[in-house]
Amino acid sequence: MPRLNLTGGAYQARGVALAAQRCLNLYPEPVPAQEGEPTQFAHYPTPGLKAFAETETGAVRCLYQTTQGDLIAAVNASVYVVHATGNTTKIGSIAAGTSQIRMQDNGTTLFIVDGTAKGGWYCDLPAKPQQGLYGSLTQIVDDAFYGSQTIAILDTFFLYTNPGTTNWYVGPAQFTNEKTTPFDSLYVASKTSYPDTIVGVDVVGQTIWLFGSQETELWYTSGAADFPFQRIPSLTISAGCIAPYSICSNGGSVLWLGCDNAGLPRVYLGQGTEASPVSTFAIDHAIQGYADCADAIGNIYQQEGHTFYVLAFPASGETWVYDLSTSLWHERKGRDPVTGYEVRTRANAWANAYGKVFAGDFETGTIYDVSLDVDTENGRTVERQRSFPHLIGDGSRMIHRKFMLDAQNESGITVSVDWSDDRGKTFGPPRLLTLGSTGNFWPTLWRLGMARDRVYRVTWIGGTFSLMGAFIDADQVTS
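Within each chain, residues carry numbers counting from 1 in the order of the written sequence. Given that the model is predicted, a residue must reach a pLDDT of at least 70 before its local features are reported, and side-chain atom pairs must reach 80 or more before they are shown or counted; all residues, however, enter totals for whole chains, interfaces and linings. Side-chain measures were taken over the full set of non-hydrogen atoms in the model, leaving aside hydrogen atoms and water.

K.L.:
If you had to explain the side chain of D453 to someone new, which residues and values would you point to?
P.N.:
With respect to the element layout, D453 can be found in the loop between β45 (450-451) and β46 (455-461). Accessibility here uses a 1.4 Å probe with only protein chains present; expressed as a share of the type maximum, an area under 20% marks a residue as buried, one over 50% as exposed, and anything in between as partly exposed. By relative accessible area, which is 5% here, D453 ends up buried. Each polar contact in these results corresponds to two N or O atoms within 3.5 Å; when the atoms are within protein, one needs to be able to donate a hydrogen and the other to accept it, and residues that are neighboring in sequence are counted only if both atoms are side-chain atoms. A distance of 2.9 Å separates polar atoms of two side chains, one belonging to D453 and the other to H390. Polar contacts involving the side chain of D453 include one to the side chain of R423, which spans 2.7 Å. If sequence neighbours within four positions are ignored, D453 has contacts with H390, L391, I392, S420, D421 and R423. We count a stretch as a helix when DSSP gives it H or I for four or more residues in a row; a strand needs E for two or more, and each element gets its number in order from the N terminus. Two residues qualify as a contact provided that any one of their heavy atoms is within 4.5 Å of a heavy atom in the partner residue.

K.L.:
A description of empty space enclosed by the protein should follow, citing residues and the corresponding values.
P.N.:
Using a probe with the size of a water molecule, rolled over the atoms, empty space left in the structure can be pinpointed. A cavity here means a set of 1 Å grid points, computed over protein atoms only, where a 1.4 Å probe fits but cannot escape. A pocket is an open set with protein on both sides within 12 Å along at least 5 of 7 lines, and lining residues have an atom within 4 Å of a point. Grid points are joined across faces, edges and corners, and a volume is the space filled by probe spheres set on the points. Under the counting rule described, the total for this entry stands at 3 cavities of 30 Å³ or more. Taken as a whole, the largest cavity encloses approximately 100 Å³ of empty space. Lining the largest cavity are N25, T46, P47, G48, L49, R332, T345, W350, E377, V382 and R384. Think of it as three bins: nonpolar holds Ala, Val, Leu, Ile, Met, Phe, Trp, Tyr, Cys and Pro, charged holds Asp, Glu, Lys and Arg, and polar takes everything else, Gly as well. Class assignment for the residues of the lining of the largest cavity results in 4 nonpolar, 4 polar and 3 charged. By volume, the second largest cavity amounts to about 40 Å³. Contributing to the lining of the second largest cavity are I297, N299, V310, A312, R344, A347, N348 and W350. Sorting the residues of the lining of the second largest cavity by element identifies β29 (297-303), β30 (306-313) and β35 (347-353) as the ones contributing at least two each. With 3 residues, the single largest contributor to the lining of the second largest cavity is β35. Each residue belonging to the lining of the second largest cavity can be placed in one class, and the counts come to 5 nonpolar, 2 polar and 1 charged.

K.L.:
Any chance you could break down the sheet that holds strand β16 (residues 151-154) for me, citing the residues and the numbers?
P.N.:
By the convention used here, strands pair only if DSSP detects at least 2 bridges between them. Strand order in the open sheet made by the 4 strands is β16-β17-β18-β19, with antiparallel pairing throughout. Looking along the sheet, the strands with just one partner apiece sit at the ends: β16 and β19 (188-190). Averaged over all pairs of adjacent strands, the angle between strand axes in this sheet comes to 30°, irrespective of strand direction. Note: strand β18 (residues 167-170) against β19, 3 bridges, orientation antiparallel. If you follow N167 over to β19, its bridge partner there is S190. Only the stretch in contact is used when a helix axis is fitted, and all axes are lines through C-alpha atoms; the angle between N-to-C directions ranges over 0 to 180 degrees.

K.L.:
Explain unusual backbone geometry to me, and be specific about the residues and the numbers.
P.N.:
Negative phi characterises most residues that are not glycine, and trans characterises most peptide bonds. Within the chain, K118 stands out as a residue other than glycine whose phi angle is a positive 65°. Tracing the sequence through the fold places K118 in the loop between β13 (109-113) and β14 (120-124). Even without a glycine there, the phi angle at Y354 is positive, about 55°. The exposure class of Y354 is partly exposed, given its relative accessible area of 21%.

K.L.:
Please provide a residue-by-residue account of the pattern of salt bridges, values included.
P.N.:
Only one rule defines a salt bridge in this text: a Lys or Arg side-chain nitrogen within 4 Å of an Asp or Glu carboxyl oxygen. Applying the stated criterion to the full structure yields 16 salt bridges. Ionic pairing is found between E318 and K333, a salt bridge with its closest N-O pair at 3.2 Å. Residue E318 is located in strand β31 (residues 318-323), and its partner K333 is located in the loop between β32 (328-331) and β33 (334-335); the two are separated by 15 residues in the primary sequence. For the pair E318 and K333, one class covers both residues: buried. For R457, the salt bridge identified is with D418, shortest N-O distance 2.7 Å. Taken together, the residues span a long stretch of sequence, with R457 in strand β46 and D418 in strand β42 (residues 414-420) at a distance of 39 residues. Like D418, R457 is buried. Sharing partners across several salt bridges, the network here consists of R22, E318, E331, K333, R335, E342 and E383.

K.L.:
So what's going on with the packing of aromatic side chains? Which residues, and what values?
P.N.:
Each Phe, Tyr or Trp ring (for Trp, its six-membered ring) is paired with any other whose centre lies within 6.5 Å, and the angle between the two planes then decides the class: stacked below 30 degrees, edge-to-face above 60, tilted in between. A complete count under the given rule lists 39 aromatic pairs for this structure. Among the aromatic residues, those joined into a ring-pair cluster are F111, Y122, F145, Y146, F158, Y160, Y169, F175 and F183. Geometrically, a charge over a ring is one whose NZ (Lys) or CZ (Arg) sits within 6 Å of the ring centre while staying within 35 degrees of the ring normal. Lying across the ring of F308, R332 places its NZ or CZ 5.3 Å from the centre. The positively charged end of R457 is found above the aromatic ring belonging to F427, 3.8 Å away from the centroid.

K.L.:
Outline the side chain of T161, supporting the account with residue identities and numerical values.
P.N.:
Of note, T161 is situated in strand β17 (residues 157-161). Judged by relative accessible area, T161 falls into the buried class, the value being 0%. If we ignore the near neighbours within four places in the chain, the residues touching T161 are G147, S148, Q149, T150, N167, W168, Y169, I198, V199, G200 and V201.

K.L.:
Requested: an account of the environment of I247, with residues and values cited.
P.N.:
Looking at where I247 falls in the secondary structure, it is placed in the loop between β24 (240-241) and β25 (248-249). Overall, I247 belongs to the buried group, its relative accessible area being 7%. Along the chain, I247 and F211 lie 36 residues apart, while their C-alpha atoms are 9.0 Å from each other.

K.L.:
Summarise the sheet that holds strand β22 (residues 216-221); cite the residues concerned and give the values.
P.N.:
Taken in spatial order, the 4 strands line up as β20-β21-β22-β23 in an open sheet, and their pairing is antiparallel. Strands with a single pairing partner mark the edges of an open sheet, and in this sheet they are β20 (198-204) and β23 (229-237). Ignoring strand direction, the axes of neighbouring strands in this sheet form an average angle of 25°. Two strands pair when backbone bridges link them, and β22 and β23 are joined in this way by 5 bridges, in the antiparallel orientation. Residue T216 lies in a different strand from β23, and its bridge partner there is I237.

Fair warning: the whole summary comes from geometry, so function is off the table for now.
Okay, here's the thing in structure tokens:
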């Protein structure tokens, strides 16, 4: 009986007759070929969310792990230290809102920016990690600080972009406060390779990536007295950024929602001094259909060896996730407990800290522990779904005699199996399969009718089991 393998992630093509493989709240993990296992991929449930800390009502606008290891949360107009115990300490206030902010520290000072003119705050870090008190959060009033949407650091210099201009600037080396280490109004430079507006800045290795709306410049530390950085000559990235808060890096890589001067939004991955799109044609088709992409939010977190880039589109209620470890995409969504409709997942910001993964809610102010052992979003059910590749054979009709699910059992939950006989356009009424309470159980459906091209789909709620694929018993008939 032939195996129907699930060999990749989400790929719902523009024409579903080509591919209608939805991968919802599941992430694929390949089995190394040298292991000799018959299964190529397992699809594991994405993690659930359980409440870890409560702050105040409002959007969690940013989660940040300091260089000392503490977790900092910005919620509405407040900034908190979230301790490893789940307790919180408020360290100050910023301008109220729901939009994203960004944080960075230099080992002694934490700096926060919100993208508005003069929208900057800073405070002292404690002398020892996870010990002592944070200094009071102070709003900067230095005339040479112009605001910034993003913030980065290189060689003890904080890096900023002047919103709505072609300029970027840096703070003083090892900034502590604006009285003892004031900003220098001459520490300003312009993006020169292409006259587009600067959107954001990040650092990959020892290289500064300066994102314009259409092109990206690369800079390095020159050590010059008038301005400590210099553009790498004759080297640009022919893709800019359309969503400043989509920019996210993990030291060796940077990802962002970009666009060149002749195209539409795509997701790019930059490493070293090179970049290339990593979104598939199917992901591009989905993203380019959204009404607004400028509000996209990017976060990176690592869990069990997988490094995930989570790209949320608040206006559209969509979240796509790219796994840097496998180069595969999947989709994440929640479910409204009242209407039953699919909605945006609760997570608005992500960070690793204290040996765990944390996420912040987009409206309640709750900080969640992101756990693979939890199958709900803080009690709200999570639906998981995987569509299979087309079964079309040589174009002749096939009698489908048996569908046997290849899944990790022992959970005893019920899954729903439905299928499309019109090439992935519509799906018929589901049939239910109950997984066994022991490992040696093979849930099976019989007498499934006839089709020339069929797409099977498996959907379930609850459970943390893995899905490997299915076995199909089908015979071709002459027609």
